[in-house]
Amino acid sequence: MEPSHPADRSYSKEHEWALATSDGLLVVGITGHAAHELGDVVYVSVPKASATVRQFEKFGEIESVKAVSDLFAPVSGEVVAVNDGLNDHPELVNQSPFDQGWLLKVRPSNAAEMANLLDAAGYQAFLSEIGG
Amino acid sequence: MAESSLLVTPLHDQHVELAARMVPFGGWDMPVQYLSILDEHRAVRATAGIFDVSHMGRIEFAGVGAGAFLQRLFTCDVPTIEPGHGRYCLLCTESGGILDDTILYRRSAEAFLLVCNAGNRLAVLAWLERWKQPSDAVSWQDRTLETVMIALQGPQAPQRLTDLGGGDLAAGLTYFGWAEGAIAGQHAFVARTGYTGEDGFEIIAEAAAGSFIWQALVDGDVSPCGLGARDTLRLEAALPLHGNDISPETNPVEAGLLWTVALDKGDFLGASVIRQAKEQGPERRLVGFEVVGRGIPRAHQDLLVDGRSVGAATSGTFSPTLQRGIGMGYVEASLAKIGVDLTVDIRGAMTPARIVRRPFYKRAG
């Protein structure tokens with residue numbers, strides 16, 4: 001079953017989400033739709049802390065049993081933390097894509113970029129458009 | 001291929017009802033997974049799973065000349081297949097390439113059943129027509145579309161068959177043996193074969209009967225499994241996939257399948273080229289390799305030794321049992337040895353790997 005997409009965060013058309021936290025950071029992950037489409041995730045490859053990511057550019061790869069997909073950053077900024085738990089438990093991306101399966105914490109470099117993202121309703125509408 | 005032209009098996013509605021994810025495969029709309037490839041894989045290794053393999057070709061042969069005809073086309077020594085048994089064998093081109101890998105079952109002195117790959121069924125049928133002489137007293141019938149084939153695989157497969165009244169079959173059949181009997185009250189052809197590296201059975205029945213048997217297995221809590229798990233299971237067992245690991249461009253010598261070829265049986269299609277290839281020794285060989293660290297190899301990726309390309313992967317996946325990337329591929333024959341270090345070019349990431357003994361997984365006992 002497709003999980004629903006929480007309203008507390010922003011979404012990219014590349015199926016990533018970004019959630020603002022009280023410390024000024026953004027938590028980044030892939031959407032429930034993306035996790036469902038990928039199937040069983042077995043490896044997640046993301047840059048180390050202090051690396052720089054750029055909005056809508058590739059920052060890593062996520063690999064399921066069947067296929068590999070590129071990860072695209074929903075915002076630009078500096079990586080301040082990565083989810084080390086995914087090394088041993090990549091299945092968290094499938095089980096909990098919006099919470100325990102998060103990928104990165106980013107210090108955003110340009111707040112205006114958030115305007116390039118969709119809200120949950122907009123993302124849901126986008127999924128309907130593409131037949132997801 | 002347009003989606004509307006895809007064939008569907010008689011179990012299609014049952015897959016949709018189970019919310020399977022369907023994909024096109026070999027001209028058919030088939031379930032790739034129900035809930036999770038990993039869970040389905042583990043179910044087959046630990047308990048039992050069922051696969052709809054109705055897309056595979058089923059061709060029945062009859063006639064006093066059937067055995068002689070098949071003997072000319074297939075690599076195995078057909079007269080030595082006893083009624084009640086089947087044999088894994090190849091159909092080769094004149095140039096020794098592998099047109100398909102199949103199982104040929106003998107039903108009686110003059111009747112056989114051939115199971116071939118889904119994507120090769122039409123090519124096999126055309127090949128049969130091409131080589132039939134007017135003097136060949138043989139006829140055949142493609143039964144694929146009217147029948148169902150279910151693979152019941154896993155250590156608990158005999159128990160699951162017994163649960164449905166097939167206890168005599170479970171107790172009596174040896175590997176590659178077959179018999180007819182009743183499963184869930186339905187008449188079926190049951191063979192002790194499979195493509196997972198586990199014990200198990202392949203069950204063939206008329207469409208309605210097969211649909212009933214499938215439902216009885218699902219209702220008995222045997223896990224339905226899709227093509228995704230079928231691929232990870234067969235690759236752990238190092239069973240070749242036609243179109244990837246073997247093809248008309250590969251011969252049985254380099255593919256390590258000489259054991260399926262009865263070289264001394266007289267003439268058959270491809271015989272002279274295969275004999276010659278054996279004499280000369282192959283230039284390349286199929287090997288199994290596992291990734292040393294992280295990374296999942298995939299088909300077509302380059303295999304290197306000391307920075308030099310020495311071959312390419314033909315299959316690759318994540319092994320749920322070994323928890324690492326595994327693959328098969330062809331490398332220069334002089335390098336095809338257990339323990340040789342390779343590098344796999346995984347989308348530009350030069351990933352260390354090592355040639356290992358096949359199969360990657362072997363069941364206990």
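Residues numbered from 1 in each chain as written. Chains lettered and ligands numbered in written order. Predicted model: local features only at pLDDT ≥ 70, side-chain atom pairs only at ≥ 80, totals over all residues.

We now examine the domain arrangement of chain B. Residue and element names in this part refer to chain B. According to the domain assignment, chain B contains domain 1 (3-53 + 145-236) and domain 2 (284-356). Between the C-alpha centres of domain 1 and domain 2 there is a distance of 31 Å. The interface is formed by eight residues belonging to domain 1 together with six residues belonging to domain 2. Of all the elements in the fold, those that place two or more residues in the side of domain 1 that touches domain 2 are helix 2 (37-46) and helix 8 (227-236). Each residue belonging to the side of domain 1 that touches domain 2 can be placed in one class, and the counts come to two nonpolar, two polar and four charged. (Domains from an automatic or database assignment. Contact = placed C-beta atoms within 7 Å. Helix = DSSP H or I, 4+ residues; strand = E, 2+ residues; numbered from the N terminus. Nonpolar A, V, L, I, M, F, W, Y, C, P; charged D, E, K, R; others polar.)

This part takes up unusual backbone geometry. For the bond running from Arg358(B) to Pro359(B), omega is 0°, close enough to zero to count as cis. Here Pro359(B) is to be found in the segment after strand 19 (349-356). One non-glycine residue, Phe56(A), lies in positive phi territory at about 65°. Tracing the chain through its elements places Phe56(A) in the loop between strand 5 (52-53) and strand 6 (58-64). Even without a glycine there, the phi angle at His300(B) is positive, about 80°. On the secondary structure map, His300(B) appears in the loop between strand 14 (284-291) and strand 15 (302-305).

As a further point, take the sheet that holds strand 16 (residues 308-319) of chain B. Residue and element names in this part refer to chain B. Ordered in space as 14-17-16-15-18-19, the six strands form a closed barrel in which the pairing is antiparallel. Recorded for the sheet is a direction-independent mean angle of 40° between the axes of neighbouring strands. Of the pairings in the sheet, the one linking strand 18 (residues 341-346) to strand 19 comprises six bridges and is antiparallel in character. Across the sheet, residue aspartate 341 finds its bridge partner in strand 19, namely arginine 354. (Pairing = 2+ DSSP bridges. Axes fitted to C-alpha atoms, helices over the stretch in contact; angles between N-to-C directions.)

A few words on the packing of helix 2 of chain B against helix 8 of chain B. A pair of packed helices is captured by two measures, namely the crossing angle of their axes and the spacing between those axes. All names here are of chain B. At their nearest, the axes of helix 2 and helix 8 sit 8 Å apart, and the two run at 55° to each other. One element, helix 2, and the other, helix 8, form an angle in the oblique class. Of the two possible hands of crossing, helix 2 and helix 8 adopt the one that is right-handed. Seen from helix 2, the contacting residues are Ile37, Glu40, His41 and Val44; seen from helix 8, they are Gly228, Ala229, Thr232 and Leu233. A class-by-class count of the residues in the contact of helix 2 with helix 8 yields four nonpolar, three polar and one charged. (Parallel < 35°, antiparallel > 145°, perpendicular 65-115°, else oblique. Left-handed = near helix turned anticlockwise from the far one by under 90°.)

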